[in-house]
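# Structure assessment
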Amino acid sequence: MKGRQESKKHGVGAAALWLTLPLLVLIVLKTDFLASFSETRFTNFAGQMVHKVSSFGLDGARWQQKPLDVAKSEAVREYNQQNQVLATNGPKDESLINSDVSAPTISQLHCNFSNYHSDTCTMQGDVRIHGRAAMVYVVSATTYMPDNSTIRVHPYARKWEKETMAQVREVTMRSSPPHAIDIIPPPCTARHDVPAVVFSTGVYSGNYYHSMSDVVVPLFITAREYDGRVQLLVTGYDPKWVAKYRPILAALSVFPVIDFDNDTDVRCFPAAHVGLESHRILGVDPARSRNGYTMMAFRDFLRSTFSLRRPWATPVSRSSGRKPRLVMVLRRHSRALTNEEDAVAAVAELGFEVVAALPEDVKDMEKFAGVVNSCDVMVGVHGAGLTNMVFLPHNGTLVQIIPWGAMKWPCWYDFGEPAPGMGLRYVEYEATAEETTLKEEYPKDHPVFTDPLSIHRKGFGEIWRTFLNGQNVTLDIDRFRGAMQQVYQSITIE
């Protein structure tokens, strides 16, 4: 489901998949697997004692969870209080240009519509934002031209999906020429001395993968350079989303997030971004980043945000008595492992210390980040839960189990292609026709088995119904054990 190179060996198959890519990247959309937690106990999987996240998984990760920096928290609270004063200082409607914004009277507006992922506009000078009206006024713009005086942008990073973007609230930017006397922008009612970033949480805010790929990574690229001195304004504001990602939002901005759609103030800024810079699915292109950011830098940022102590995974000596640690992300409802106990036991028999993570175990992102960071390997069937790969230490390994149905390329696109940029190793285990529960529903001569791409050509609805939401995986344990034996050998030494 995630840039982008097509494998030549897939030939026509890859090309066909590419045609359905705008829909295929939604593969993880409806998954019920979001990132969270519980407590911890040993659990017996087919005679093997393995750890559940709810017990050892959490407790075992506590060693790497540093307490919050109290001084920093106090500084943030103080700064937020100052911001509340800043937003209301001076009488309202005092003038068209705010004396305390310290912005020049001459402004500029520049937009980039060439990016495949997102449209973005940046502006400097006298910038006034009225959230409820979804309007941004750029006053006295030297870049003003009659034919571009009004520009509209949907501030979400899935530009190639027209139906998705149609559901994102449009933001209008209106510029006026210098010394214009017939265009009177609304007066400022709140004043800020930091730049603004306006963005949408999008249509898929409840999906962990999309939130990370479409919002969090692009927000890092756009806002990180301001070192906290930036105001975030969110359209499509979802309190649950803001609460879930609060640690990340607070690390990017010391100010409380503003609900753009319900904000009645006319807020004046010295600069603003509308839309987020996005380079690729779950990735960062340093050549296109203004500050040369990388995906490894993003992961370092997450490690700092969640106080994760383990930056690198190093080979484990087999003679030391220590075991490499592996977290197995287990699904329910669809793409679940029907023989998960046997699979977990097989991995444990190879010499891994196994943490079994159920869907209910991974809803607390902050806690589960600690568990993942304590592991050397993450294993799971394709789905949103694998997005937690961002918390693996550098040089960690992701093992993606690919369900049946010509899903190799789109699954690689979502998680395999981003892995090297994260400094991770990527291994895939592709289920055969004998390892899918679809064989219980369709005869062997059905196109589901003889020509899976014919199902793809019917559109995403059929792909979802058949190969994503319509099957579980029954691993060939001997075959799976052999694949994981190779992983074990690759991360251990004598």
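Residues numbered from 1 in each chain as written. Predicted model: local features only at pLDDT ≥ 70, side-chain atom pairs only at ≥ 80, totals over all residues. Heavy atoms only, no water.

### Focus: the overall build of the protein chain
- Counting secondary structure elements, the protein chain contains 16 helices and 19 strands.
- Across the 494 residues of the protein chain, 57% fall into the buried class.
- For the protein chain, the exposed surface amounts to about 20000 Å²; the carbon and sulfur share of it is 52%. (Helix = DSSP H or I, 4+ residues; strand = E, 2+ residues; numbered from the N terminus. Buried < 20%, exposed > 50% of the residue type's maximum accessible area, 1.4 Å probe, protein only. Areas by Shrake-Rupley, 256 points an atom, 1.4 Å probe, with all protein chains shown as cover.)

### So, the packing of helix H6 (residues 208-223) against helix H9 (residues 295-305)
- The N-to-C vectors of H6 and H9 enclose an angle of 90°; their axes lie 11 Å apart at closest approach. Considered as vectors, H6 and H9 are oriented roughly perpendicular to each other. For the pair formed by H6 and H9, the contact residues are Met212, Val216, Val217 and Phe220 on the first element and Met295, Ala297, Phe298 and Phe301 on the second. (Axes fitted to C-alpha atoms, helices over the stretch in contact; angles between N-to-C directions. Parallel < 35°, antiparallel > 145°, perpendicular 65-115°, else oblique. Contact = heavy atoms within 4.5 Å.)

### Quick word on the state of the cysteines
- Within the structure shown, the criterion is met by two disulfides.
- Each sulfur in the disulfide pair cysteine 188 and cysteine 268 lies 1.7 Å from the other. Given an S-S torsion of about -90°, the disulfide between cysteine 188 and cysteine 268 has left-handed geometry. Of the two residues, cysteine 188 sits in the loop between strand E7 (171-175) and strand E8 (190-191) while cysteine 268 sits in strand E12 (residues 266-274), which places them 80 residues apart along the sequence. The exposure classification of cysteine 188 matches that of cysteine 268, with both residues buried.
- Looking at the protein chain, its bonded cysteines, counted consecutively from the start of the sequence, adopt the pairing 1-2, 3-4. (Disulfide = S-S within 2.5 Å.)

### Observations regarding the pattern of salt bridges
- Taken as a whole, this structure holds 24 salt bridges when the rule is applied.
- Here glutamate 434 ties to lysine 444 by a salt bridge, and the two come within 3.7 Å at their closest N and O atoms. Of the two residues, glutamate 434 sits in the loop between strand E18 (425-430) and helix H13 (447-450) while lysine 444 sits in the loop between E18 and H13, which places them 10 residues apart along the sequence.
- Take lysine 444: its relative accessible area is 68%, and that puts it in the exposed class.
- Here the salt bridges do not stand alone but share partners, grouping Arg158, Glu161 and Asp214 into one network. (Salt bridge = Lys/Arg side-chain N within 4 Å of Asp/Glu carboxyl O.)

### Concerning the nonpolar core
- Counting 63 residues, the largest nonpolar core has Phe199, Leu219, Ile248, Phe298, Met389 and Phe391 as the members making the most contacts within it.
- If you tally residues by element for this core, the top one is H6, at 10 residues.
- In this view, methionine 389 contacts Leu282, Arg299, Met378, Leu398, Phe415, Ala419, Met422 and Leu424; residues no more than four positions away in its chain are not counted.
- Residues Leu326, Ala343, Met484 and Ile491 belong to the second largest nonpolar core, which totals 29 residues. (Core = buried A, V, L, I, M, F, W, Y, C linked by side-chain atoms within 4.5 Å.)

### Remarks on the packing of aromatic side chains
- For the coordinates displayed, the defined rule picks out 14 aromatic pairs.
- Ring geometry for phenylalanine 460 versus tryptophan 464: centroids 6.2 Å apart, planes at 40°, classification tilted. Taken together, the residues phenylalanine 460 and tryptophan 464, both in helix H15 (residues 460-468) and four residues apart, mark about one turn of the helix. Exposure class is identical for phenylalanine 460 and tryptophan 464. Each is buried.
- Sitting over the ring of tyrosine 245, lysine 244 keeps its end group 5.7 Å from the ring centre.
- Here the basic side chain of arginine 479 rests over the ring of tyrosine 429, its NZ or CZ set 4.3 Å away from the ring centre. (Phe/Tyr/Trp six-rings, centres within 6.5 Å; stacked < 30°, edge-to-face > 60°. Lys NZ or Arg CZ within 6 Å of the ring centre and 35° of its normal.)

### A look at the environment of isoleucine 258
- With respect to the helices and strands, isoleucine 258 occurs in strand E11 (residues 258-259).
- Distance in space between the C-alpha atoms of isoleucine 258 and valine 234 is 6.2 Å, their sequence separation being 24 residues.
- Those residues in contact with isoleucine 258, other than ones at most four positions away along the chain, are Gln231, Leu232, Leu233, Val234, Tyr237, Asp263 and Arg267.

### Points about the environment of arginine 325
- By the element assignment, arginine 325 lies in strand E14 (residues 325-329).
- Between the alpha carbons of arginine 325 and alanine 348 there is a distance of 9.7 Å; along the sequence they are 23 residues apart.
- A distance of 2.3 Å separates polar atoms of two side chains, one belonging to arginine 325 and the other to serine 374. (Polar contact = N/O pair within 3.5 Å; in protein donor to acceptor, adjacent residues only side chain to side chain.)

### Side note on the packing of helix H10 (residues 340-350) against helix H16 (residues 477-491)
- Axis separation between H10 and H16 bottoms out at 10 Å; the angle between their running directions is 40°. Crossing of H10 against H16: the hand is right-handed. Judged by residue contacts, Asp342, Ala343, Ala346, Val347, Glu349 and Leu350 of H10 engage Ile477, Phe480, Arg481, Met484, Gln485 and Tyr488 from H16.
- A per-class count over the contact of H10 with H16 returns eight nonpolar, one polar and three charged. (Left-handed = near helix turned anticlockwise from the far one by under 90°. Nonpolar A, V, L, I, M, F, W, Y, C, P; charged D, E, K, R; others polar.)

### Details of the pairing of strand E17 (residues 397-402)
- The buried fraction of E17 is high, at six of six residues.
- Residues Thr397, Val399 and Ile401 point to one face of E17 and Leu398, Gln400 and Ile402 to the other, with burial holding for every one of them.
- Here strand E16 (residues 377-381) pairs with E17 via five bridges, running parallel. Residue pairing for E17: valine 381 is matched across the bridge by isoleucine 401.
- Where E17 and E18 come together, six bridges link them in parallel fashion. (Pairing = 2+ DSSP bridges.)

### A look at the confidence of the model for the protein chain
- Put simply, the protein chain has an average pLDDT of 84, and 79% of its residues get 70 or more.
- In this model residues 1-42 is a low-confidence stretch, pLDDT under 50, and it forms 165 contacts with partners more than four residues away in sequence or in other chains. (pLDDT = per-residue confidence, 0-100.)

### Describing H6
- Maximal helix bending in H6 amounts to about 25°, located at valine 216; proline proline 218 follows within four positions.
- For H6, a buried count of 16 out of 16 residues is recorded, marking the element as mostly surrounded by other parts of the structure.
- The N-terminus of H6 is capped by asparagine 207, whose side-chain oxygen sits 3.1 Å from the backbone nitrogen of tyrosine 209. (Bend = angle between axes of the 7 residues up to and from the residue.)

### With respect to the side chain of threonine 437
- Tracing the chain through its elements places threonine 437 in the loop between E18 and H13.
- Overall, threonine 437 belongs to the buried group, its relative accessible area being 11%.
- At 2.8 Å, the side chain of threonine 437 forms a polar contact with the backbone nitrogen of asparagine 472.
- Not counting residues up to four positions away in its chain, the partners in contact with threonine 437 are Thr338, Gln471, Asn472 and Thr474.

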